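# Summary of the model geometry
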Amino acid sequence: MRIANLAGRLVLVTGHPAEPLAVDVAEASGGRFGPDPMSAFADWAGFRAWAAEVDAQGVGFTRTDLGPPVPRPGQIFAIGINYREHADEAGYPPDSLPVTFTKFASSLTGPEATVELPEGNVDWEVELVVVIGTGGHRIPRDTAWEHIAGLTVGQDLSERVAQLDGQRPQFSLAKSHPGFSPTGPWVVTPDEFADPADLAISCALDGETLQSSRTSRMIYDVPELIARLSAVVTLWPGDIIFSGTPSGIGNARTPKRFIRPGEVLTSTIEGVGELTTRFSG
Ligand code: ZN
């Protein structure tokens, strides 16, 4: 199952990924679910059971009408240094706890967004984003996937000057300018993947591939992230987790490279889809 936020309304996405169709959930469920995209997470098990029985064709739509599939998560977790090669390029040894910060919710935007570049050096970080379906505290690793609603594509856009120049790092602020958290195009449930733990992940700027890896190369894989985060924090339905980026960020290149006005960033995860993010000055 795929769910999306189409012009602020919860939809099921049907049809071939290249020609997706949308079924309006509020209309198809007679008002039991929707129209708010967050309503799917109020009763995720009930929503999944209902969605499995829906027999509706859907209608075509315009991608630019898609918003972030989870527009108002209760909590956003973001993980730093979670791929070995990226830990090396960033100069951090892996820690016993995943490096955890937040991206404030006002930075969320959809899969076809134009982002205004603030002052500083804006960098790319393609990431697998995990969406919580059933919350919990102290979730064991071996049942972690049962708590996951699905996966989507994310960009953890980062302004490196404010992030790194002070005496203490400012991850959360430097990664939360308006539009700095593109997500989408939809949430795909784990059962849709042959192996949801091993997906190709990449991003390209103006067609040049800058990051390319597989999600199986994470230091803390998805079940481990759920277990270690929920060992401390209670996870809520509809929370999202940016699970870290592979190597290839602009700040670690020689010479360093950052996003310029007019450039187009494409972020792709196998079996999910892609984000197209444009930048203005
Ligand atoms: Zn990141």
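Right above here is the structure, for reference.
Residues numbered from 1 in each chain as written. Predicted model: local features only at pLDDT ≥ 70, side-chain atom pairs only at ≥ 80, totals over all residues. Heavy atoms only, no water.

### Side note on the nonpolar core
Our working rule: As used here, the term nonpolar core means buried Ala, Val, Leu, Ile, Met, Phe, Trp, Tyr and Cys residues forming a set that is joined through side-chain atoms within 4.5 Å. Exposure classes here rest on a 1.4 Å probe applied to the protein chains alone. A residue is buried below 20% of its type maximum, exposed above 50%, and partly exposed in between. Residue ranges for the domains originate in an automatic or database domain assignment. Here a residue-residue contact requires only that any non-hydrogen atoms of the pair lie within 4.5 Å.
The biggest cluster of nonpolar side chains holds 47 residues, and the ones touching the most others in it are I226, I241, I259 and L265. Domain assignment of the residues forming this core places at least three in each of domain 1 (2-61) and domain 2 (76-280). If we skip the residues at most four places from it in the chain, I226 touches V130, I132, I139, A144, I148, L235 and I241. If you look at the next biggest cluster of nonpolar residues, it comprises 26 residues, including V23, W44, A78 and I240.

### A few points about the sheet that holds strand β16 (residues 208-214)
Test applied: Pairing between strands is defined by DSSP: at least two bridges between the two strands are required. Under the scheme used here, helices are H or I runs from DSSP no shorter than 4 residues and strands are E runs no shorter than 2 residues, and both carry numbers assigned from the N terminus. Here, axes are lines fitted to C-alpha atoms. For helices the fit covers the stretch in contact, and angles between N-to-C directions go from 0 to 180 degrees.
Ordered by their spatial adjacency, five strands build an open sheet running β9-β19-β18-β15-β16, and the pairing between neighbours is mixed. Since the sheet does not close on itself, it has two edges, and those belong to β9 (112-116) and β16, each with one partner. In this sheet, adjacent strand axes meet at a mean angle of 15° when their direction is disregarded. Across five bridges, strand β15 (residues 200-205) lies against strand β18 (residues 264-269) in antiparallel orientation.

### Quick notes on the coordination of the zinc ion
What counts here: In this description, a donor is an N, O or S atom within 2.8 Å of the metal centre, a cutoff extended to 3.2 Å for sodium, potassium and calcium. Water is not part of the atom list, which can make sites seem incomplete.
Listed as protein donors to the zinc ion are E125 (OE), E127 (OE) and D156 (OD); their distances from the metal cover 1.9 to 2.1 Å. Coordination of the zinc ion draws on donor residues from a single chain, spaced E-x1-E-x28-D in sequence. In this structure E125 comes out as buried when scored by relative accessible area, which is 5%.

### A short note on the layout of surface pockets
This is how it is decided: A cavity, in this analysis, means grid points on a 1 Å lattice covering only the protein atoms where a 1.4 Å probe fits yet has no way out; a pocket is instead an open set bounded by protein on both sides within 12 Å along at least five of seven lines, and a residue lines either one if it has an atom within 4 Å of a point. Grid points are joined across faces, edges and corners, and a volume is the space filled by probe spheres set on the points. Classification convention: Asp, Glu, Lys, Arg as charged; Ala, Val, Leu, Ile, Met, Phe, Trp, Tyr, Cys, Pro as nonpolar; all other residues, Gly among them, as polar.
Empty space within the largest pocket amounts to approximately 240 Å³. Considering the residues around the largest pocket, the lining is formed by 19 residues, among which A90, Y92, R160, Q163 and I249 are closest to the centre. Taken together, the elements giving at least two residues each to the lining of the largest pocket come down to β6 (76-80), α3 (84-90) and α4 (160-164). Residue composition of the lining of the largest pocket, grouped by class: nine nonpolar, five polar and five charged.

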